[in-house]
Amino acid sequence: AGGSSSGSKGAVKQSKHRLKTAQEYAADTNTEVPVSKKYFKHRLLRDIINSAPMRRGLKGAELEAEKDRRRAFVHLIHSLLRYLPHERLTPQQALQHPFLTGARLPDDGRWKPPPDMKTTDRAMALVRESKKYHQEQQRRTASHTSTRAKSPRSPVTLSVSKEEDE
């Protein structure tokens, strides 16, 4: 029912990337809609890649392997275009992607990149710096509070007890 004859073997997340229409682009840039040729009849990257003609003579296992390579390619491109840096692949992680290594992308599309030690080391250094900063702030606050308590301007509390007559 999904319109795909590839016999999809797992749920694949819908793409968040798509080409803007000429009208959307013109509205965003305050320009006229240019009259131009239509190079792609599809707007989603996945659809553009999958609509490219297959090599002649591919049948059976070869055809499935080509579809798997295209699926891995789309996955790689989406992983490289993630907006949030911590979700985006680093160059070292991209080199380990199934599309570049020739491995098969899992059917569910959930490939976990290996940790990038350079990025991990930088993140850990930031965590250490943050902890040092917060510890220093707490030390200053505690020091400031104890200094204020010894200050002659600090309020003095007197306690008076009332003696009862016997």
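You'll find the structure just up there.
Just so it is clear, the structure is predicted and the values come from calculations on it, not from any experiment.

Regarding the overall build of the protein
Counting its secondary structure elements, the protein contains six helices and zero strands. Buried residues in the protein amount to 15% of all 166 residues. Within the protein, counting contacts between residues at least 6 apart in sequence, those at least 24 apart form 46% of the total. Of the accessible surface of the protein, which amounts to about 14500 Å², a share of 55% is contributed by carbon and sulfur atoms.

Concerning the layout of surface pockets
Here the second largest pocket defines a volume of roughly 440 Å³. Around the second largest pocket, the lining is made up of 14 residues, and of these Lys20, Thr21, Ala22, Lys38 and Phe40 lie nearest the centre. Class assignment for the residues of the lining of the second largest pocket results in six nonpolar, three polar and five charged.

Details of the environment of Lys16
The residue Lys16 is located in the segment before helix H1 (22-29) in this model. Taking the relative accessible area as the measure of exposure, Lys16 reaches 79% and is therefore exposed. C-alpha separation for the pair Lys16 and Leu44, spaced 28 residues apart in sequence, amounts to 8.6 Å.

Some remarks on the nonpolar core
Side chains of nonpolar character tend, in soluble globular proteins, to be buried together. Ranked by size, the top nonpolar core spans six residues in total: Ala72, Leu76, Leu89, Ala94, Leu105 and Trp111. Residue contacts for Leu76: discarding those within four places in its chain leaves Leu89, Ala94, His97, Phe99 and Leu100.

Observations concerning unusual backbone geometry
You will see that Asn30, though not glycine, has its phi angle at about 55°, which is positive. Of note, Asn30 is situated in the loop between H1 and helix H2 (45-51).

Rules used in this analysis
Residues numbered from 1 in each chain as written. Predicted model: local features only at pLDDT ≥ 70, side-chain atom pairs only at ≥ 80, totals over all residues. Heavy atoms only, no water. Helix = DSSP H or I, 4+ residues; strand = E, 2+ residues; numbered from the N terminus. Buried < 20%, exposed > 50% of the residue type's maximum accessible area, 1.4 Å probe, protein only. Contact = heavy atoms within 4.5 Å. Areas by Shrake-Rupley, 256 points an atom, 1.4 Å probe, with all protein chains shown as cover. 1 Å grid on protein atoms, 1.4 Å probe; cavity = no way out; pocket = protein on both sides within 12 Å on 5 of 7 lines; lining within 4 Å. Points joined across faces, edges and corners; volume = space filled by probe spheres on them. Nonpolar A, V, L, I, M, F, W, Y, C, P; charged D, E, K, R; others polar. Core = buried A, V, L, I, M, F, W, Y, C linked by side-chain atoms within 4.5 Å.

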